[in-house]
Amino acid sequence: MVFQMGKTLVIAEKPSVGRDLSSALEGVFQRRKLEDVVPKRTRKKTAEEAVDEATTKPSRSRTREDVHFLESDDYVITWAVGHLVQLADPEEYDEKWKRWRMADLPIVPPDGFKLVPRDAKSKKQLKLVEALLKRDDVDRIINACDAGREGELIFAYLYESVFGVSPSNGGPKPVDRLWISSMTKQAIREGFEKLRPGEQLQNLEMAARSRSEADWLVGMNATRAATIRGRAWVGGVVSLGRVQTPTLAMIVKREREIQAFVAEPYRLVHGTFDPRYAGMWFEGDETRIFGALERAEEIVAKVLGKDGVVESVERKEQSERAPLLYDLTSLQRDANRRYGFSARRTLQAGQSLYEGKKAITYPRTSSRFLSGDMVPQLKPTAETLRPIKEYRAGAEYVLALDQLPLARVVNDAKVDDHHAIIPTDIDHDVDDFTPDERRVFDLVARRFLAVFHPPARYARTTVITLVEEERFRTRGKVTLEPGWRSVYGLEADAEKQSEDEESEGGEIPALEQGQTVRCVEATYEDKMTRPPPRYSEATLLSAMETAGKLIDDEELREAMKDSGLGTPATRAETIETLIRREYIERVGKDLQPTPKGIQVITMLEEHKITSPELTGEWEHKLSEIEHGRGDRRSFMQEIETFAGEIVGQIEALDKEKLRPERVELGPCPRCGAVTGEIIKENSRAYGCTSWKSREEPGCGYVIWKRVAGRTITPEIARQLIENGRTTEVLSGFRSKAGKPFRARLVLNGEGKVEFDFPARAQTKEPAVAE
């Protein structure tokens, strides 16, 4: 085949993006196959390829996607289909490292890191990309992978695996970078007109490589050391990682605080006064009465029916500014709070809105601001929201402004790779969105309109009433101007309601200092202190963003961004990884550690690998490398030193300390009343202590720890034993075909565990233990 000289090869990250690029570029694109580049008759299979072909089943879903490319007179477009190559496993460097031995740790590749195809399917696509990269008529390459750290790494590894050299360190063919934040045709065309020289992204590539290699060194060495040391007690591979382990440590720490919490009784005293308003008793800064609870009864008797005086009335106006625009983490937090979405579910919907519907800008951003050059397109973007009924009023307000308020919207210094997430400036057919896409788009659209609205204004009134030397406080809040909250309607006020004991009421009667009032009703309320709440995905994402530091202020949180656990793009996957490895599980909206997760952190305790602060420092150093202020070599030396330290610390662990505590769940429901036997945890099940051996099985009562791919925790076993069913519908089960499903567990009349499916509750199926 004769090729035209001077073509440009465009490498996207996935097929759908490749097709979008071809539809935006000039020229007619034709679909071509690998055989069009390297004819079959000239390609002799290697022995390795023959083995791959013989052992790999064809995938219908990927066959069309991963063996063809698109070509026009000027461009050739192909894609990476995610990571095609990865860092090689230890045995690729030295055969002896195939065995896991403490004496061989820490493992540090002697002559740099090797790259290998991810799997057989990746190898097939890699062969196509390699052939295109080496085509004689291709004299320029455009990296069109996702514009971020991970996209830069995908391309860099791909280029190096073909040419043996990093694209930023020179190579046989020059590289330009496509850097766009929107997948509309107009944005793509503008991106091709403003291509960046590849060497401009060298620092980003260095940061990406450092992150990848640091994860390999810490994860590989710590996992092998912990598995060798703790396999017998924790069970199986003890997977550790630079980001996942400190995240798990935060969840376990919170669980321990909950388990150690001892609830204390206290009382609140409420008073109602004439003219009609209510107040809560207080003393100093405390509204609760602890210890001598009878004091509450005494206060009620003391003030009921007595006259009092309005000691003070304080009225002041306050304003509340609109929240900043969304980055990925704040979007995931809000979607979790409002809709119960997991971080991954929000990211999937956001990615689909970005790539498929072209409705929002790049979602994997860490910025909550826009760049100055975007100002001209802000009103056109608002115009695209006006035809949608829910946004019409907000959009018309923005369009009517002579000058947009941009002080908290535009900030070039806080926009690095990508700006905040906003709607695109094309028409949106919201009826074509999936339910998840519609909800995520709604969050983004309302937030975009809200930032251009004025602050909400409130009148806050605080009244102190004195009756028989006892003080009652009344707080009222009246909305003067809804401001930005008008974009959200009533739901915004509902979500801002405080969980404090002393909540704000609405309008308070006109009261004056010194006015006489009468206490017409007084009551006390018995309450108990509550433990700290378990992390939800929203609160865990907040904790990851600030490396475990409790920071509620939006502006302060911005300052902590470069020192968090992971990045906005990786935090969702970190949570999912912890769930897959059965270190944590979802219980309703909460994230709860499993016994396995608790045992892993118990084994490590105060070792540095569990420290959110240390991982936050590393993330900050990666950010410094990315911005040209950090040194990659010294960072990697620090990581290598740490890998050696963690191996030594794990090796020195006391074996007795690793022995897990086995829980006891009370009398055996089958024979305990007669024999006094109990249900006790062992390595595989929760069983009756009457079991001695196969020959002496006792009463045989047992609840297995693994059911349909899911670990049954002591709490779930306790619910089954005490109630005959789990209180919640549980997720995390997998069918024999590997499909995930949710179900409640129940015990049948024979004490066997069965599934009770929520969609068809009348159906019971036996739960197969593993």
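Residues numbered from 1 in each chain as written. Predicted model: local features only at pLDDT ≥ 70, side-chain atom pairs only at ≥ 80, totals over all residues. Heavy atoms only, no water.

Draft legend 1. Structural context of the overall build of the chain. In terms of helices and strands, the chain carries 25 helices and 27 strands. Within the chain, buried positions represent 49% of all 770 residues. A separation of at least 24 residues holds for 73% of the contacts in the chain among residues at least 6 apart in sequence. Looking at the chain as shown, the accessible area adds up to about 37,200 Å², and 48% of this sits on carbon and sulfur atoms. (Helix = DSSP H or I, 4+ residues; strand = E, 2+ residues; numbered from the N terminus. Buried < 20%, exposed > 50% of the residue type's maximum accessible area, 1.4 Å probe, protein only. Contact = heavy atoms within 4.5 Å. Areas by Shrake-Rupley, 256 points an atom, 1.4 Å probe, with all protein chains shown as cover.)

Draft legend 2. The arrangement of the packing of helix α12 (residues 343-355) against helix α19 (residues 568-580) in detail. Direction vectors running N to C along α12 and α19 enclose 135 degrees, while the axes themselves pass 8 Å from each other. Taken together, α12 and α19 sit at an angle that is classed as oblique. The interaxial crossing formed by α12 with α19 has left-handed handedness. For the pair formed by α12 and α19, the contact residues are A343, R344 and L347 on the first element and A569, A572, I575 and E576 on the second. Across the contact of α12 with α19, the residue classes break down as five nonpolar, no polar and two charged. (Axes fitted to C-alpha atoms, helices over the stretch in contact; angles between N-to-C directions. Parallel < 35°, antiparallel > 145°, perpendicular 65-115°, else oblique. Left-handed = near helix turned anticlockwise from the far one by under 90°. Nonpolar A, V, L, I, M, F, W, Y, C, P; charged D, E, K, R; others polar.)

Draft legend 3. Local environment of the packing of aromatic side chains. In total, this model carries 20 aromatic pairs according to the counting rule given. A ring pair is formed by F433 and F441, whose centres lie 5.4 Å apart and whose planes are at 70 degrees; its orientation type is edge-to-face. Take F433: its relative accessible area is 11%, and that puts it in the buried class. Through a chain of ring-to-ring contacts, three or more aromatic side chains come together here, namely F733, F741, F755 and F757. When the ring centre of F282 is taken as reference, the NZ or CZ atom of R473 above it lies at 4.3 Å. (Phe/Tyr/Trp six-rings, centres within 6.5 Å; stacked < 30°, edge-to-face > 60°. Lys NZ or Arg CZ within 6 Å of the ring centre and 35° of its normal.)

Draft legend 4. Region of the structure containing empty space enclosed by the protein. All chains considered together, the criterion is met by one cavity of 30 Å³ or more. In terms of lining, the largest cavity is formed by V17, L21, A144, C145, D146, A147, L178, I180, M183, Y354 and Y362. Along the lines of polarity and charge, the residues of the lining of the largest cavity split into 10 nonpolar, no polar and one charged. (1 Å grid on protein atoms, 1.4 Å probe; cavity = no way out; pocket = protein on both sides within 12 Å on 5 of 7 lines; lining within 4 Å. Points joined across faces, edges and corners; volume = space filled by probe spheres on them.)

Draft legend 5. Highlighting the sheet that holds strand β8 (residues 175-177). On the basis of which strands lie adjacent, the open sheet formed by seven strands has the order β2-β3-β4-β1-β7-β8-β9 and mixed pairing. Here the strands that pair on one side only, and so sit at the sheet edges, are β2 (30-33) and β9 (196-197). (Pairing = 2+ DSSP bridges.)

Draft legend 6. Inspection of the environment of P714 at higher detail. Structurally, P714 is set in helix α25 (residues 714-723). Not counting chain neighbours up to four residues away, the residues in contact with P714 comprise P595, V663, L665 and Y686.

Draft legend 7. Inspection of the sheet that holds strand β10 (residues 265-274) at higher detail. Strands sit in the order β10-β11-β14-β13-β12-β15 around a closed barrel of six strands; the barrel is antiparallel. Pairs of neighbouring strands in the sheet enclose a mean axial angle of 35 degrees, with direction left out of account. Of the strands in this sheet, β10, β11 (277-282), β13 (456-467), β14 (470-481) and β15 (516-528) are in contact with helix α10 (residues 294-303), which crosses β15 at around 165 degrees.

Draft legend 8. Fine view of the environment of L178. Positionally, L178 belongs in the loop between β8 and α7 (185-193). Judged by relative accessible area, which is 3%, L178 ranks as buried. Residues L178 and V10 lie 168 residues apart in sequence; the distance between their C-alpha atoms is 9.2 Å. Beyond its immediate chain neighbours, meaning those up to four positions away, L178 contacts L21, I142, N143, A144, I188, G191, F192 and L195.

Draft legend 9. The arrangement of the confidence of the model for the chain in detail. Here the chain averages 87 in pLDDT, and 89% of its residues register 70 or above. Scored below 50 in pLDDT, residues 53-66 shows 15 contacts in the model against residues more than four places distant or in partner chains. Overall, residues 491-500 carries pLDDT values under 50, and its contacts beyond four positions in sequence, including any with other chains, amount to eight contacts. (pLDDT = per-residue confidence, 0-100.)

Draft legend 10. Structural detail: the pairing of β15. Pairing of β10 with β15, which is carried by 10 bridges, proceeds in the antiparallel orientation. For Y266, the partnering residue across the bridge sits in β15 and is K527. Where strand β12 (residues 307-320) meets β15, three bridges bridge the pair, whose relative direction is antiparallel. Note on β15: the bridge partner recorded for D307 is R518.

Draft legend 11. Focus on the packing of helix α11 (residues 328-339) against α19. Two numbers describe how α11 lies on α19: the axes approach to 8 Å, and their chain directions differ by 45 degrees. The angle between α11 and α19 places the two elements in the oblique class. Residues L328, T329 and Q332 of α11 touch α19, and the partners they reach there are P568, A569, R571 and A572. Here the contact of α11 with α19 is built from residues that sort into four nonpolar, two polar and one charged.

Draft legend 12. Spatial organisation of unusual backbone geometry. For the bond running from L105 to P106, omega is 0 degrees, close enough to zero to count as cis. Along the chain, the position of P106 falls in the loop between β5 (85-87) and β6 (115-117). You will see that E468, though not glycine, has its phi angle at about 50 degrees, which is positive. Note on placement: E468 falls in the loop between β13 and β14. For A708, which is not a glycine, the phi torsion comes out positive at approximately 50 degrees. Inspection of the secondary structure assignment puts A708 in the loop between β22 (706-707) and β23 (710-711). A residue is classified by how much of its surface remains accessible, and A708, at 12% relative accessible area, is buried.

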